[in-house]
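Here is what each chain is made of, one letter per residue.
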Amino acid sequence: MHITRSAALAAAVLLAAAACSSGESGGAAEERYYLSLGDSLAVGVQPDGEGGFEETTDGYTDALYRTLKDGRPSLRHERMGCGGEDTTTFMDGGLEACGERYTEGTQLAQAERFLEENRGRVDLVTLDIGGNNFTGCVDLGGGSGASEDGGGAEDAEDEDTGGSPEVDVDRACVDEGLDRLKEEVPEITSRLRAAAGPDVQIIGMTYYNPFLAAMLLEESGDGAGAPDGPDGPDGGDGASGDEEAEEAEGADSSEDELVDYATDVLVEMNGVLRTSYSDAGIQVADVEESFESENFAPAEGEADMPTNVKNICDYTWMCNTEDGPDIHTNQAGALYIAETFEQLVESA
């Protein structure tokens, strides 16, 4: 009888322990992941107020994560982007500051390893890549290209334009950037899909066109010293005024041509991204469309400012005369892009 009671007591203890263990494991939610990949937009790069740039937690990926975590407390943000990455460095490395972050050598290889090691635990992957294929092709003044790590932005003011940047585009550089985009983005997207598996939601974004605002700023500097009337400020014969008027007309024509060219490049670039995303089963967060990049109609309440330029001014640092011009989104722009992604996450 004594042995029976002891056995019964031991069994009860074991059952209680098992019940407690089961309760604890059932109450702990499994950790899930949101993996963000990309360039400086993905890591919230902002002007630091002293002529430089810094990563912040105010990127669109951070804003998206905060929103998603409200409904998914166990969600963790694996933040893997790096400012300055283009499609080539994303695949092959080459940027010292970025290479130091990745034990696998490149952002793509690091992402592949993470996805493979966490199969079944990744809820979302977001990607922005390709914009830096072109930023080095544009000179905002001062002889430096506008790059995502800030190169050239601090030199964007030019004495001859009354503080407005002169815009110069290296078209051979643009063509080379497009060629790399067409070759490399399909490989990037197919490798990400293979590593993630068929069921993980992956969303890639298109780009806005920040240089629309740079062209507007250039235009604002034209004619700073123009005469007040047909005879000029000193009452001369008006010849100087006619010459300046002709120069201004030529400048306007050149600016219009630059706007058309930049828009055409943006359309082609984003077309490549959309096709590559779609072919790999990746959804498209169409930031180009959200920013109304091709809408040159006057903005509401702004008769002299096109809608697309107003959006660039509202959502980036391009029209900020104190800390810009700079191509990155401000906090409002990061939230705006995050909302574009969020709509797709919610519909999945």
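As the structure is a computational prediction, the values presented were derived from the model and not from experiment.

What follows covers the packing of aromatic side chains. As enumerated under the stated definition, the model contains six aromatic pairs in all. An angle of 15 degrees between the planes, with centres 5.0 Å apart, marks the rings of Y60 and F341 as stacked. Within this pair, whereas Y60 is found in helix α2 (residues 60-71), its partner F341 is found in helix α12 (residues 331-347), the two being separated by 281 residues in sequence. The exposure class assigned to F341 is buried, which follows from its relative accessible area of 0%. Measuring from ring centre to ring centre gives 4.3 Å for Y315 and Y336, while their planes differ by 15 degrees; the resulting arrangement is stacked. With Y315 in helix α11 (residues 307-315) and Y336 in helix α12, the pair connects residues that are 21 residues apart, well separated along the chain. Judged by relative accessible area, which is 19%, Y315 ranks as buried.

All right, on to α12 then. Look at α12: 25 Å from first C-alpha to last across 17 residues, which is about the 24 Å you get at 1.5 Å a residue. Regarding α12, the residues found buried are G333, A334, I337, A338, T340, F341, E342, L344 and V345. Tucked into the core, α12 has its buried residues touching α2, β5 (122-128), β8 (201-205), β9 (283-285), α10 (287-290) and α11. You can read the cap of α12 off the contacts: a side-chain oxygen lies 3.2 Å from the backbone nitrogen of A332, and it is on N330.

It is worth spelling out the state of the cysteines at this point. Counting across every chain of the model gives three disulfides. Disulfide pairing places C82 opposite C98 at an S-S distance of 2.1 Å. One disulfide, between C82 and C98, carries an S-S torsion of -90 degrees and so falls in the left-handed class. Within this pair, whereas C82 is found in the loop between β4 (75-79) and α3 (87-92), its partner C98 is found in helix α4 (residues 96-99), the two being separated by 16 residues in sequence. Exposure remark for C82: the relative accessible area of 2% places this residue in the buried category.

Their axes nearest at 8 Å, the elements α2 and α12 cross at an angle of 50 degrees. Considering the angle they form, α2 stands oblique to α12. Note that α2 runs across α12; the crossing there is right-handed. Where α2 approaches α12, its residues Y60, A63, L64, T67 and L68 are matched on the opposing element by A334, L335, I337, A338, F341, E342 and V345.

Let's shift gears to empty space enclosed by the protein. Scanning all chains against the criterion turns up two cavities of 30 Å³ or more. Looking at the lining of the largest cavity, the elements that each hand over two or more residues are α6 (132-135), α8 (211-221) and α9 (239-279). Ranked by residues supplied to the lining of the largest cavity, first place goes to α9 with six residues.

Right, let's get into the pairing of strand β11 (residues 302-306). Bridging between strand β10 (residues 298-299) and β11 involves two bridges; their strand directions are antiparallel. Bridge pairing links P298 to P306 in β11. Hairpin remark: β10 followed by β11, antiparallel, with two residues in the connecting loop; positive phi at G301, about 75 degrees.

About the cut-offs
Residues numbered from 1 in each chain as written. Predicted model: local features only at pLDDT ≥ 70, side-chain atom pairs only at ≥ 80, totals over all residues. Heavy atoms only, no water. Phe/Tyr/Trp six-rings, centres within 6.5 Å; stacked < 30°, edge-to-face > 60°. Helix = DSSP H or I, 4+ residues; strand = E, 2+ residues; numbered from the N terminus. Buried < 20%, exposed > 50% of the residue type's maximum accessible area, 1.4 Å probe, protein only. Expected span 1.5 Å × (residues − 1). Contact = heavy atoms within 4.5 Å. Polar contact = N/O pair within 3.5 Å; in protein donor to acceptor, adjacent residues only side chain to side chain. Disulfide = S-S within 2.5 Å. Axes fitted to C-alpha atoms, helices over the stretch in contact; angles between N-to-C directions. Parallel < 35°, antiparallel > 145°, perpendicular 65-115°, else oblique. Left-handed = near helix turned anticlockwise from the far one by under 90°. 1 Å grid on protein atoms, 1.4 Å probe; cavity = no way out; pocket = protein on both sides within 12 Å on 5 of 7 lines; lining within 4 Å. Points joined across faces, edges and corners; volume = space filled by probe spheres on them. Pairing = 2+ DSSP bridges.

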